[in-house]
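# Summary of the model geometry
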Amino acid sequence: MRVFLLLVAFELSWAQYNPNTKPGRTSIVHLFEWRWADIALECERYLAPNGFGGVQISPPNENLVVTNPWRPWWERYQPISYKLCSRSGNENEFKDMVTRCNNVGVYIYVDAVVNHMCGAAAGSGTHSTCGSYFNSETHDFPAVPYSGWDFNDWKCKTGSGEIENYGDPYQVRDCRLVSLLDLALEKDYVRSKVAEYMNHLIDIGVAGFRIDASKHMWPGDMKAFLDKLKNLRTTWFAEGTRPFIFQEVIDLGGEPIKASDYYGNGRVTEFKYGAKLGTVIRKWSGEKMAYLKNWGEGWGFMPSDKAVVFVDNHDNQRGHGAGGSAILTFWDSRQYKMAVGFMLAHPYGFTRVMSSFRWPRYFENGKDINDWVGPPSNGDGSTKSVTINPDTTCGNDWVCEHRWRQIRNMVIFRNVVDGQPFTNWWDNNSNQVAFGRGNKGFIVFNNDDWNMSETLQTGLPAGTYCDVISGQKEGNGCSGIKIQVNGDGTAYFQISNSAEDPFVAIHVDAKL
Ligand code: AAO
């Protein structure tokens, strides 16, 4: 009995940290601003067959419609109600997506915006995605309903009512983030409304939540609404499965609010990861890849089992949020592929791949003045569908990084090496590095300005392997470089510094 109770306690404490992805599926992809109908298709035609574990979707709830004169992507971070209708689709389309994705074993993770409603200056009317009436001056959101009593204004002590100083945790939690009306999550009524929204999504079949602006909520208030959440639907998940929770907390150090304040509620986004990895791959600040030997906790990151990691996100790929100019994105595709490849090969953290849309990036005085531009859209403001080109890339200005061969094949690599230890590190004390994952996979990078030619211990069984970066195994053949692993596990690697992609990755499922 005692052993049983201990097991139950362990299960419960692990619960909300477990991404709930199917065994052997180790990453999720953020399909930023995609329509539900397109995500359903993508689950069936691409994500399931290629071993993706799930999709982080853009906020599905009703939001403010901003026209200035075109619609910014960020309007979706200004809730008007918890009705499921947005530029991505209506409730029926949402349900159809969840059902179809779940049926092929690709789960849905909702971006939950529950810290606030729309901006204070949004006005009043029905310029919202389902046409629900609201009034930001009187704090009236009848479609929830929330009224003046449900906001934090009385609690905030700054003159402007805004967060003025990130050094004061009270301001950060009780005042308005960029003028967004801050919900009073200390009230049971507000907690219940938030939980009701999230439970509605759980009833439909979602597997977890990214919780937006978690830094701006008290961890105890969050725990109160998280404790009200149901277990996941038994149609797709084991009895007693808790929703996966990952909290957006930007902690680059230097502020009193720490990522660790939130560990009790679930995982946390590790923003140091992309900021540091970008700096290393760019070789800025004297960094070099050889220093990645103790990547992870050794770099001052949070414990691996608490971390959600990513090279870039929808904010910092366009100068919002945090991370600065070091962040690598699809705009720097060669270095970006190396960074994503490194992330997916390395055991640290739970990995999220970014999938973006292209926008007319235009810098003025170091700032992208088009950082607001919304997804590819038609004249009437509706979001364009994701078309697929004959070469499997995407059209209509959808970037689809997750479909880039190098990235997709590294998602598969991570699945193949899942659970294997970090082994056989090698470096040249500069920017040529290599490491293995037990006896399942091995990866080699040359980010130096000269050629690499080395014989390295791979830890892999003898045989001929197909490099999954320059190509992949196709039937009994290989469309990329072939690597010969000798009987003693060593193999010879030659990587030109001017190669299209100066890295090589092999794993046991790509053995010829
Ligand atoms: C829009 C307009 C605003 C307008 C508002 C209301 O842009 O001018 O006032 O509407 O009308 C998104 C957009 C916002 C947009 C908002 C609502 O990014 O531009 O506002 O929708 O439509 C903070 C938060 C973090 C947040 C991030 C953007 O802590 O939670 O700002 N991210 C999420 C979402 C994001 C969304 C929201 C939250 C709101 O992912 O898409 O906003 O729902 C410091 C702090 C960070 C702070 C940053 C940025 O970071 O530490 O916590 O993030 O500042 O203010 C160094 C430091 C680093 C520092 C950074 C930047 O790197 O090391 O710590 O510099 O100073």
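Because the structure is a prediction, the values reported are computed rather than measured. The written sequence of each chain sets the order in which its residues are numbered from 1. With the structure being a predicted model, the display of local features is reserved for residues of pLDDT at least 70 and the display and counting of side-chain atom pairs for 80 or more, all residues being used for whole-chain, interface and lining totals. As a rule here, side-chain values cover all heavy atoms of the structure and leave hydrogens and water aside.

### A few points about the side chain of Arg408
- Helix and strand assignments follow DSSP, with helices taken as H or I runs no shorter than four residues and strands as E runs no shorter than two, numbered in order from the N terminus. You can see Arg408 is positioned in helix 9 (residues 405-416).
- Buried charged residue Arg408 carries no salt bridge. Nearest counter-charge: Glu474, at 7.0 Å.
- At 2.8 Å, the side chain of Arg408 and the side chain of Asn409 are in polar contact. Categorising residues by exposure relies on relative accessible area from a 1.4 Å probe, with only protein chains included: less than 20% of the type maximum marks a residue as buried, more than 50% marks it as exposed, and the intermediate range marks it as partly exposed. Under the counting rule used here, the positive set is Lys and Arg, the negative set is Asp and Glu, and His together with the chain ends is not counted. One side-chain nitrogen of Lys or Arg within 4 Å of one carboxyl oxygen of Asp or Glu is enough to make a salt bridge. Here a polar contact means two N or O atoms within 3.5 Å. Within protein one must be a hydrogen donor candidate and the other an acceptor candidate, and residues neighboring in sequence count only if both atoms are side-chain atoms.

### Structural notes on the layout of surface pockets
- When its volume is computed, the largest pocket comes out at roughly 610 Å³.
- Its residues placed into classes, the lining of the largest pocket shows 11 nonpolar, six polar and eight charged. Cavity means a closed set of points on a 1 Å grid over the protein atoms alone, one where a 1.4 Å probe fits but cannot get out, pocket means an open set with protein on both sides within 12 Å along at least 5 of 7 lines, and lining means a residue has an atom within 4 Å of a point. Grid points are joined across faces, edges and corners, and a volume is the space filled by probe spheres set on the points. Any residue outside Ala, Val, Leu, Ile, Met, Phe, Trp, Tyr, Cys, Pro, Asp, Glu, Lys and Arg is labelled polar, Gly included; the first ten of those are nonpolar and the last four are charged.

### Observations regarding the sheet that holds strand 2 (residues 54-57)
- A pair of strands is treated as paired once DSSP finds two or more bridges between them. A barrel is described by the order of its strands in space; here eight strands give the closed sequence 1-2-3-8-9-10-11-12, paired in parallel fashion. Taking the axes of each pair of neighbouring strands and ignoring which way they run, one obtains an average angle of 30° across the sheet.
- Taken together, the four bridges between strand 2 and strand 3 (residues 107-112) define a ladder with parallel strand orientation. The residue bridging Gly54 from the neighbouring strand is Tyr107, located in strand 3.
- Any two residues whose heavy atoms approach within 4.5 Å at even a single point are treated as in contact. Angles shown run from 0 to 180 degrees and are taken between the N-to-C directions of axes, each axis being a line fitted to C-alpha atoms and, for helices, limited to the stretch in contact. Sitting on the sheet, helix 2 (residues 36-47) touches strand 1 (27-31), strand 2 and strand 3, and the angle it makes with strand 2 is about 160°.

### Let's talk about the UniProt feature "domain: Alpha-amylase C-terminal" (unreviewed entry) in the protein chain
- As annotated by UniProt and renumbered to match this structure, "domain: Alpha-amylase C-terminal" (unreviewed entry) occupies residues 423-511.
- This span, residues 423-511, is 0% helix and 52% strand, and a straight line between its end C-alpha atoms measures 19 Å. UniProt positions are given in the numbering used here, feature names are shortened, and annotations may be inferred rather than shown by experiment.

### Things to note about the UniProt feature "domain: Glycosyl hydrolase family 13 catalytic" (unreviewed entry) in the protein chain
- What UniProt calls "domain: Glycosyl hydrolase family 13 catalytic" (unreviewed entry) maps, in this numbering, to residues 26-414.
- Within the segment residues 26-414, helix and strand shares are 23% and 13% respectively, and the terminal C-alpha atoms sit 7 Å apart.

### Quick look at helix 2
- When the terminal C-alpha atoms of helix 2 are compared, their 14 Å separation across 12 residues is substantially less than the 16 Å that a helix rising 1.5 Å per residue should span.
- Within helix 2 the residues assigned to the buried category are Trp36, Asp38, Ile39, Ala40, Glu42, Cys43, Tyr46 and Leu47.
- Of the surrounding elements, those touching the buried residues of helix 2 are strand 1, strand 2, helix 3 (91-103), strand 3 and helix 9. To estimate how far a helix should extend, the number of its residues minus one is multiplied by 1.5 Å.

### Some details on the state of the cysteines
- A pair of cysteine sulfur atoms is labelled a disulfide when the two atoms are within 2.5 Å. Enumeration according to the criterion identifies five disulfides in this entry.
- Each sulfur in the disulfide pair Cys156 and Cys175 lies 2.1 Å from the other. Linking Cys156 and Cys175, the disulfide has an S-S dihedral of approximately 95° and is accordingly described as right-handed. Note that Cys156 is positioned in the loop between strand 6 (134-135) and helix 4 (169-174) and Cys175 in the loop between helix 4 and strand 7 (180-182), a separation of 19 residues in sequence.
- Residue classification places Cys175 among the buried positions, given a relative accessible area of 2%.
- Counting its disulfide-bonded cysteines in sequence order, the protein chain shows a connectivity of 1-3, 2-4, 5-6, 7-8, 9-10.
- Take Cys118: it sits in no disulfide, and the sulfur closest to it among the cysteines is that of Cys130, at 14 Å.

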